Structures are given as structure tokens and as C-alpha cells.
There are 2 protein chains.
Amino acid sequence: MGARLAAMAALLADETRAAFCLALLDGRAWTASELARHAGVAASTTSEHLGRLVEGGLLAEERQGRHRYVRLADPEIAHLIEDLAGHAVPAGTGPAEGGPRTLRAASASNALARGRTCYDHLAGRLGISITEAMTERGLLRQDTGFALTDEGLRWFGEQGMALTGQRTRRPLVRGCLDWTERRPHLAGTAGALLCRHAFDAGWCVRIGSGRAVKVTPGGERALAELLGISPETLR
Amino acid sequence: MGARLAAMAALLADETRAAFCLALLDGRAWTASELARHAGVAASTTSEHLGRLVEGGLLAEERQGRHRYVRLADPEIAHLIEDLAGHAVPAGTGPAEGGPRTLRAASASNALARGRTCYDHLAGRLGISITEAMTERGLLRQDTGFALTDEGLRWFGEQGMALTGQRTRRPLVRGCLDWTERRPHLAGTAGALLCRHAFDAGWCVRIGSGRAVKVTPGGERALAELLGISPETLR
DNA sequence: GACGACGTTCGGTCGTGGCCGAAGTGGGTG
DNA sequence: CACCCACTTCGGCCACGACCGAACGTCGTC
């Protein structure tokens, strides 16, 4: 048993592999060479790492022609990595210690804190604001755990998001610790659905190629109207 | 960021350290020499490992005379390790592959599957039975997340367990994936309280020095009466 | 005050694993 | 068909870290 645990942890215990996994937390599939460039290692090194990660069940791969696409094997894995990363930030990792060194990095980190995707749902101030607003409006209950109320269930239906008939092993909702806000945000099937809805409805758009997202003017209006979120809290 | 994650994972990536952490999942404090004997390594080696684990924030230590007691730093950490260990079991780890080799080990593993503590709450068939029974009786809701209902809140009060006034950052209830049953059982403050109540009321007792627990005849009666759990499901 | 148990520090050995470059494979393209 | 590019395999290098035994505090006990 200890050996299993150690083997699992060892997969993430290398800085390069950790960088791969963090990059893959954007929920998309990356090619081997993209990851190699991202982490700054040789293609051969990347190949070995990906082999280990796939064999260990952390990553799923899909070959397409001469490309090897990899993505996180499943939402559980994504959650596990987020969780681990959340605990890896020991103390005040504000702008003080360990913070960004360059202006460019600082602005990128600001954008991430404002809003980002966390695998397949929304995180950062955006994700937290939505979660808190839903809680205040009685759609979500956080005082005795983390679950939608019946009203919340109805609300999802009204927005055109069908939560029923999802017969997967994945929980409908779960809390996911936000490592910038230090509070849980909405994850699980419902969180993923909401995130997709937000993109489809044009509430937010991705900034560049990373995980950061930006709320559009239309999104600000919709969030204010539906959940009473004031645009200021999102900035 | 990747470096942080890797450093965190590296703490658990060694078989000896993993064995330490799994042992400490019983929620108690162990001395350095106990852990050394348990893992089969020299005292000097143990000392180094404990130093790293404490420095990394996984363990808390307490010196008493010539003893160094260590325990898991906090319930969050315990949950993280359980979670990681849960995902480290890849496929059917029933009696088939990777199962116990000796008769003694098989019986110990049976006892663990029947009932055990998971840090500070109940797990195994015992923990699952309680969780499921509470769900069926409308005390707990698992369909839209994982949270106590108002009835459930009242139920805790009636049993003499005060959930109110717990002003900690720890959630009142959370689901914890049971790695023998593959379903969530009740954790969080409420889970810990219920576990303590079960011991105090004599519903169950520890078997030997490990994590395994046994339900007493009185406990069977109480669980049947309060939650409608038939004694057969616990065996 | 001497002894014994618990823990720590230090020096040294050894294996594992991360890394690269070079050579090889195989799919897509001109 | 020839070429290019994405990826893989192999050999070799190097560093890190897990481990132990021996020597050294330090606390409790006889």
C-alpha cells in the first residue's frame, strides 16, 4: 500500500512532470512537443515523462497521425492535482514572497486571480463570486456541506442546463478549493455545465492561450441580472 | 508553481515516508522509534524523513521528554493523503491481485474493510453503512452534492452532539472517498464528532493497535434502532 | 552520578532517475 | 518517391537522495 502511494506521488514529484500536469489543468489536450516547449526540455525527455504519466493513469493519450495528444485522464485526477497544488502553497503567497518577478508575469497572475478555468469549471474571483452569489440566493448550501438546494436544481433547469439524466459516477456538484481565494468554488458536473454555458452564452472569453478568462460586458450584465453580482467584485 | 507541486509530491514519493503517513492516518501521534520499527528502517533514517515531513508542513511534532511525537498536521492533510491513496489503487484490488499473501494479513485486511477509522472519522463498511442510512432517512443529501439536511442537523442535536459553535475553517461535513467501498463516507467536523460519539457510547472498539474497529453488540443495537442499519450489513 | 533509551548529526556508499544528443521509426506532404 | 517533422529508443552522464553505522547530545532512571 505504501508502495502504491509512493509510486503515485512520484509521478508528480518531478518538476517537469508537475509542469505538464499544471498545464493540462486547462482541460485541453496538448501535443508532446507543445509540452516540451512549455517546460523547456528536450523531446526525448518529454516522451519518457509522458510514458510514465500515461502508464500511471494520470494522463490519457490519443494518437492522431504523427501527433500524440495527452490530457488529464479524468476529472477526478484534475481535482486531485488542484487539491495537491492548493496545499503546496504554504503561507501568504501574495505579492510578497515567491510572487511574480516581472511586470508581464504580474499582470498574467492578476488575470488568473480574476478569473480562470480550473479544468472544466470556473475559478478565481469569477468562480468564487458565482459560488457565493448562488449561496446567498439559496441555490447552493455551504453551511452543512456543499450541495445544491432544490431551488438551485430548478435554477439550472431554467437556465437551460439539464442536470438530469447525467448518469455518470461523477458527482453532480462538489466543492473545489480555490488556491487564490482560499475558498471553495462550484465544481462537479454542474460546475462544468455552468462553465460551458458561460462560454456558449458569451459571458466570458479566454485570454490568450492559457487558463485565464475575461468577463465580457454582456457577461457582467447577465451575472448582475441573474445572480446579483456587481461588476466591481469581478475586477 | 510547478516546483511547489513537485516538492509537495516528493514528500510522499518515498516509500518509507509514505508508510509513515499511512500509519499516521490512524489519527494518533507516534514516536519516531515506533515509526522506525513500523517501516523497518534505522533510527537515523527516520529522523531525516521526519525532519523533511515536518518542514514540509505535512506533520506536526511535539516533544515530550526524550520522545518526539509526530502526527498529521491537520485534517486537510489527512484528507489529501487518503485521497491520493484512494487513487493509487488502480483496478480490482480485491483478493485477487496485490492482495494479502498470508492468512494473518487476509484477516487483518478483512477487518479493515469491515470497519476502520479514517483519521478521525469512521470508514469501511461501517462508515458507508452509516452514511447510506443517513441518506435514506433524509438526514444527509448526496444527490446534489454532499451536505446535511436540516433534519440531519436536528438529528445531531438530539444525539447530544453539538455541531453549532464550531468556529473552525474545517467544513462541517464533507465526503471522503472510501477506498475499499469506492463510495463517499461522512467526514468533516460532523464525521469526527460522530466517530468520537461512537467510541464514547461504546458502539465500537478498536481492534488491536491499528486502525481497524469492531462494532459491539450494543453498537449493533444502537445503529439498528437509530438508523435502521441491520447487523448483517456490517459483517 | 552512571547507565540506558531516544533522538540527532555526520560521513560515506550506492542506486535511481532526469537529462541530453544521436540515431531510428513512421505518418503526412510536396 | 523523397523529404520533413513528430515522436521514440538508446547510451551515457550526472546529481540527488535514501540508507546505514558510528559518534554525539539529552533526558529519565536506578
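The structure displayed is predicted, hence computed values, not measured ones.

S.K.: For this particular structure, what's the right way to read the overall build of chain A?
M.R.: Scanning chain A from terminus to terminus reveals 10 helices and 11 strands. For chain A, the C-alpha atoms occupy an extent of roughly 50 × 45 × 40 Å along the three principal directions. Classification of the 235 residues of chain A by burial places 47% in the buried group. Residue pairs at least 24 apart in sequence account for 53% of intrachain contacts in chain A once pairs closer than 6 positions are excluded. Accessible surface computed for chain A: about 11,200 Å², of which carbon and sulfur atoms make up 51%. Between the centroid of the 29 positive side chains of chain A and the centroid of its 26 negative side chains there is a distance of 4 Å.

S.K.: When you look at the relation of the copies chain B and chain A in this model, what are you seeing that I'm missing?
M.R.: The relation between the two chain copies is a rotation about an axis coupled with a shift along that axis. It takes a turn of 180 degrees to lay chain B on chain A, together with a shift of 0.0 Å along the axis; the resulting RMSD is 0.1 Å. Expressed as an axis order, the relation between the two copies is that of a two-fold axis. When the interface residues of chain B are mapped onto chain A, 100% of them are again interface residues, pointing to one common binding face.

S.K.: Whenever I open this one, the protein's contact with DNA strand C confuses me. Can you help?
M.R.: Residues in close proximity to DNA strand C total 23 residues, the closest being Thr 45, His 49 and Arg 52 of chain A together with Ser 33 and Ser 47 of chain B. Within 4 Å of the protein, the contacting atoms of DNA strand C are 70% sugar and phosphate, with bases supplying the remainder. Taking Arg 17 of chain A, its side chain carries an N or O atom lying 3.1 Å from a phosphate oxygen of DNA strand C. Contacts to DNA strand C include Ala 32 of chain B, whose backbone N or O atom sits 3.3 Å from a phosphate oxygen. Taken together, the elements giving at least two residues each to the surface near DNA strand C come down to α2 (15-24) and α4 (43-55) of chain A together with α3 (32-39), α4 (43-55) and β3 (67-72) of chain B. It is α4 of chain A that contributes the most residues to the surface near DNA strand C, 5 residues altogether. Classifying every residue of the surface near DNA strand C gives 4 nonpolar, 10 polar and 9 charged.

S.K.: Any chance you could explain the pattern of salt bridges here in plain terms?
M.R.: One side chain can pair with another of opposite charge once the charged atoms of both are near each other. As enumerated under the stated definition, the model contains 24 salt bridges over all chains in all. Residues Asp 150 of chain B and Arg 141 of chain A are paired through a salt bridge, measuring 2.9 Å at the closest nitrogen-oxygen approach. Remark: Arg 141 of chain A occurs in strand β6 (residues 140-141) and Asp 150 of chain B occurs in helix α8 (residues 150-158); the pair is interchain, linking two chains. Since its relative accessible area comes to 44%, Asp 150 of chain B is described here as partly exposed.

S.K.: Can you help me understand the nonpolar core in this one?
M.R.: The biggest cluster of nonpolar side chains holds 58 residues, and the ones touching the most others in it are Ile 81 of chain A together with Ile 81 of chain B. Ranked by size, the runner-up nonpolar core spans 30 residues in total, among them Leu 122, Leu 193, Cys 195 and Ala 222 of chain B.

S.K.: Can you help me understand the interface of chain B and chain A in this one?
M.R.: Quite often, the size of an interface is put as the accessible area lost when its parts meet. The interface of chain B with chain A comprises 40 residues on the first partner and 41 residues on the second. Taking both partners together, chain B and chain A bury about 3,600 Å²; carbon and sulfur atoms supply 69% of that area. Summed over the shared surface of chain B and chain A, the number is 2 salt bridges. Here chain B and chain A share 7 residue pairs in polar contact (both at pLDDT 80 or more) between them. When residues of the side of chain B that touches chain A are traced back to their parent elements, those giving at least two are α1 (2-12), α2 (15-24), α5 (75-88), β7 (145-148) and α8 of chain B. Pairing geometry for strand β7 (residues 145-148) of chain A and β7 of chain B, over 3 bridges, is antiparallel. From the neighbouring strand, Gly 145 of chain A faces β7 of chain B, where its bridge partner is Ala 147 of chain B.

S.K.: It is not clear to me how the protein's contact with DNA strand D should be interpreted in this structure. Could you clarify?
M.R.: If you check the shell around DNA strand D, you find 23 residues, and the closest are Ser 33 and Ser 47 of chain A together with Thr 16, His 49 and Arg 52 of chain B. Counting only the atoms of DNA strand D within 4 Å of the protein, the fraction contributed by sugar and phosphate is 75%. Backbone polar atom of Ala 32 of chain A to a phosphate oxygen of DNA strand D: 3.3 Å apart, as the coordinates give it. Within the side chain of Ser 44 of chain B, a nitrogen or oxygen atom sits 3.0 Å from a base oxygen of DNA strand D. The set of elements that each furnish at least two residues to the surface near DNA strand D consists of α3 (32-39), α4 and β3 (67-72) of chain A together with α2 and α4 of chain B. With 5 residues, the single largest contributor to the surface near DNA strand D is α4 of chain B.

Criteria and cut-off values
- Throughout, a residue's number is its position along its own chain's written sequence, starting from 1.
- All chains are assigned letters beginning at A, and all ligands numbers beginning at 1, according to the order in which they are written.
- In keeping with the predicted nature of the model, local features appear solely for residues at pLDDT of at least 70, side-chain atom pairs appear and are counted solely at 80 or more, and the whole-chain, interface and lining totals rest on all residues.
- The side-chain values count all of the structure's non-hydrogen atoms but skip hydrogen atoms and water molecules.
- What counts as a helix is a DSSP run of H or I of at least four residues, what counts as a strand is a run of E of at least two, and both are numbered from the N terminus.
- Using a 1.4 Å probe on the protein chains alone, a residue whose accessible area is under 20% of its type maximum counts as buried, one over 50% counts as exposed, and one in between counts as partly exposed.
- Any two residues whose heavy atoms approach within 4.5 Å are treated as being in contact.
- Where accessible areas are quoted, they stem from the Shrake-Rupley method and a 1.4 Å probe; at the residue level, only the protein chains shown are allowed to cover.
- Under this rule, positive means Lys or Arg and negative means Asp or Glu; His and the chain ends count for nothing.
- Where a charge lies is defined by one atom per residue type: Lys uses NZ, Arg uses CZ, Asp uses CG and Glu uses CD.
- When the copies are superposed, the least-squares fit takes in the C-alpha atoms of residues with a pLDDT of at least 70 in both.
- Here a residue counts as near a molecule or strand whenever at least one of its heavy atoms sits within 4 Å of it.
- Polar contacts here mean pairs of N or O atoms no more than 3.5 Å apart (in protein, one a potential hydrogen donor and the other a potential acceptor; neighbouring residues in sequence count only if both atoms are side-chain atoms).
- All amino acids are sorted into three groups, where Ala, Val, Leu, Ile, Met, Phe, Trp, Tyr, Cys and Pro are nonpolar, Asp, Glu, Lys and Arg are charged, and the leftover types, Gly among them, are polar.
- Counted as salt bridges are all cases of a side-chain nitrogen of Lys or Arg within 4 Å of a carboxyl oxygen of Asp or Glu.
- The criterion is simple. A nonpolar core is a set of buried Ala, Val, Leu, Ile, Met, Phe, Trp, Tyr and Cys residues joined through side-chain atoms within 4.5 Å.
- Buried area adds together the accessible area that both of two parts lose upon being put together, with accessible area traced by a 1.4 Å probe.
- Two strands qualify as a pair provided that DSSP identifies no fewer than 2 bridges between them.

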